[in-house]
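Structural characterization, general
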Amino acid sequence: MLRLDSLSQSYGEHRVLRDVSLSVPDGQLLCVVGPSGCGKSTLLRTIAGLLPVREGAVTIDGTLVTGVPDRLAVVFQDYGRSLLPWLSVRDNVALPLRRQGLRRAERRAEAEHMLERVGLEASARRSPWQLSGGMQQRVAIARALVVRPSLLLMDEPFGSLDARTREDLEDLLLEVHRTDGATIVFVTHDIDESVYLGDRVVVLSAGPDSRVARDLPVGLPAQRDQIATRGLPEFVALRAEVGRAVRAPARAAVLGPADAEPEQAR
Amino acid sequence: MSRRGRRDVGLGVLGVLLAFGACEAVSRAGIVRRTYLPPASEVLARAVELAGDSAFLDGIGATVRAWALGLTLACVIAVPLGLLLGSVPVVEAAMRAIVEFLRPLPSVALIPLVSLLLGSGTRTEVTLIAYASVWPILFNTMYGLRESEPLAKDTLRAFGFGRAAVLWRVELAGAAPFIAAGVRISAAVALVLAVATELLSGFGEGLGIFIAQAQLATDGTRDVLAGVVWAGALGLVVNGVLVWGERRLFPWAPERRAVRT
């Protein structure tokens, strides 16, 4: 169980997050959506222990998080910058296993196995920068999964990919989530994506001073399909609800979408 | 090789031939007196002849040894210092004034001072070479660190790697092409200092000594120029080897990626 208690974060005078409280049960895929600049990435970096907590607390299974938690993995949007260009694809994936004291041959075997899972076994010896964007992000995902994380944080991982590649990777993520069962916090600005992927969608209000505006369970069947799921009435209704919450002005959003509309009309 | 590459090489050869021909013609036509500027072919012939002269080769060996020693010393000093200055802002701020004062000092101007302190031997030569070569390596190391990817650092930190591991695996590895380029620049600077120190100190052995002594002989211009040809060739070879090494070691450096995909 990941818990945020009245978490606030600021950069100097500029307050980014205010009073964010959330509990994420083990194995949940939580999507965090919000307009750009609402502090989604700050939230993610705080959970990752990359930013010190200013106010409030982050706990995992009751233990206060003060540094980088164990069995954590992060996938960022900018795969080109997060992969190490001087290492082969395989060695990039094998790298985090050094922390677990595995020998070189074991690390490589694990990495190759993981590359197979993301469909990149043929590219193991190439350099990351020789691959397409979608393939590079697959490498980053394989590198995250190789440590068998209990908490996987993803910061707009598919934001810079073309639509088709993005759909493939969304389905890859769902499959991985089904089989590995890690808790996933997935930050995105894409409303459709949040509803399609999430077990639950949390909407942050526009920054500065973002807070949790909406917290919606996603009642869609676990087995999702790019065409069929997106056509379901529940999907359409939920997407509209999330969309309204994301577009609402900061203050009104806290009250709920119904109150927000007249204010937008003014 | 591409068509453009072939054309460039062709133009390069043409340029060399023209310059060579001009020097040859000016001298042979008697426009400049032969003792001032011997024909290029004679200088070249003499340079080739020197390759069989064991005393001269010993001199080249001495120069190259001092050059290599000084450059190695510079690397040993500049890379760790650059890592320190580049990763600990407090130290950088404290050192900035000293560095900014020392850097613009022309190293050649220090030759008399260092000779006075250390005598006019190999120690002086190596010290001066190391001093002059430190700067490009130092600044390139610092610059390279500044260019390192914050996202790659964050990714490794999130995997639980500590500060030293991140410095080693991301920052130093990422700065390596910059450091190598710094070493290449320093290699040229070091050669200048090696020859200049020898020229000014005037005895012992080395390429600079050979040139300095040839200068005193009657009709020594040809030998002086032959020595200069050797110095140029040495610089060219060193640069070529280092450029080749950089290409082999760092095919991933951003400016080379497009070529190899």
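So, how was this worked out
Residues numbered from 1 in each chain as written. Chains lettered and ligands numbered in written order. Predicted model: local features only at pLDDT ≥ 70, side-chain atom pairs only at ≥ 80, totals over all residues. Heavy atoms only, no water. UniProt positions renumbered as here; feature names shortened; annotations may be inferred. Helix = DSSP H or I, 4+ residues; strand = E, 2+ residues; numbered from the N terminus. Phe/Tyr/Trp six-rings, centres within 6.5 Å; stacked < 30°, edge-to-face > 60°. Buried < 20%, exposed > 50% of the residue type's maximum accessible area, 1.4 Å probe, protein only. Lys NZ or Arg CZ within 6 Å of the ring centre and 35° of its normal. Pairing = 2+ DSSP bridges. Contact = heavy atoms within 4.5 Å. Axes fitted to C-alpha atoms, helices over the stretch in contact; angles between N-to-C directions. Buried area = accessible area lost by both parts, 1.4 Å probe. Salt bridge = Lys/Arg side-chain N within 4 Å of Asp/Glu carboxyl O. Polar contact = N/O pair within 3.5 Å; in protein donor to acceptor, adjacent residues only side chain to side chain.

The next thing to look at is the UniProt feature "transmembrane region" (unreviewed entry) in chain B. All names here are of chain B. Mapped onto this structure's residue numbering, the UniProt feature "transmembrane region" (unreviewed entry) falls at residues 66-89, 189-212 and 224-244. Taken end to end, residues 66-89 is 96% helix and 0% strand, and its first and last C-alpha atoms sit 34 Å apart. Structurally, residues 224-244 comprises 100% helix and 0% strand, and the distance from its first C-alpha atom to its last is 30 Å.

Now for the packing of aromatic side chains. In the structure shown here, the tally under the stated rule is eight aromatic pairs over all chains. Between B:Phe56 and B:Phe210 the ring centres are 4.7 Å apart and the planes differ by 75°, which places this aromatic pair in the edge-to-face class. Of this pair, B:Phe56 sits in helix 3 (residues 54-87) while B:Phe210 sits in helix 9 (residues 207-216), and the two are 154 residues apart along the sequence. Exposure remark for B:Phe56: the relative accessible area of 4% places this residue in the buried category. Since its relative accessible area comes to 18%, B:Phe210 is described here as buried. Arranged with centres 6.0 Å apart and planes meeting at 85°, the rings of B:Phe250 and B:Trp252 form a pair that is edge-to-face. For B:Phe250, a relative accessible area of 11% gives the class buried. An aromatic cluster is defined as three or more aromatic residues linked by ring pairs; in this entry it consists of A:Trp86, B:Phe250 and B:Trp252. A:Arg230 extends its terminal NZ or CZ atom over the ring of A:Tyr196, reaching a point 4.6 Å from the ring centre.

What follows is about the sheet that holds strand 1 (residues 2-11) of chain A. All names here are of chain A. With respect to topology, four strands assemble into an open sheet ordered 2-1-4-5, the strand pairing being antiparallel. Edge strands, defined here as strands with exactly one partner in the open sheet, are strand 2 (14-24) and strand 5 (63-64). With respect to the sheet, helix 1 (residues 40-47) is in contact with strand 1, strand 2 and strand 4 (55-60), its orientation differing from that of strand 1 by roughly 120°.

Here we come to the interface of chain A and chain B. Each partner contributes residues to the interface: chain A has 23 residues there, and chain B has 20 residues. Both sides of the chain A and chain B interface together cover about 2100 Å² of buried area, and 69% of this is carbon and sulfur. At the boundary of chain A with chain B, the tally comes to two salt bridges. A salt bridge links A:Arg45 to B:Asp154; the nearest nitrogen and oxygen atoms lie 2.4 Å apart. The tally of links between chain A and chain B comes to three residue pairs in polar contact (both at pLDDT 80 or more). A per-element tally of the side of chain A that touches chain B places strand 6 (residues 72-75) of chain A first, with three residues.

Turning next to unusual backbone geometry. Residue and element names in this part refer to chain A. Positive phi values are uncommon outside glycine, yet Ser6 reaches one of about 40°. Relative to the elements of secondary structure, Ser6 occurs in strand 1. With relative accessibility at 36%, the residue Ser6 sits in the partly exposed group. You will see that Asp61, though not glycine, has its phi angle at about 50°, which is positive. In this structure, Asp61 sits in the loop between strand 4 and strand 5. The exposure class assigned to Asp61 is exposed, which follows from its relative accessible area of 55%.

Attention now goes to the pattern of salt bridges. Note that side chains of opposite charge can pair when their charged atoms are close. Residue and element names in this part refer to chain A. Within the structure shown, the criterion is met by 30 salt bridges over all chains. A salt bridge links Arg3 to Asp5; its shortest N-O distance comes to 2.8 Å. According to the relative accessible area criterion, Asp5 is partly exposed, its value standing at 28%. Residues Arg18 and Asp209 are paired through a salt bridge, measuring 3.0 Å at the closest nitrogen-oxygen approach. Residue Arg18 is found in strand 2, and its partner Asp209 is found in the loop between strand 9 (200-204) and strand 10 (212-217); the two are separated by 191 residues along the sequence. With relative accessibility at 27%, the residue Arg18 sits in the partly exposed group. Taking relative accessible area as the criterion, Asp209 reaches 24% and is therefore assigned partly exposed.

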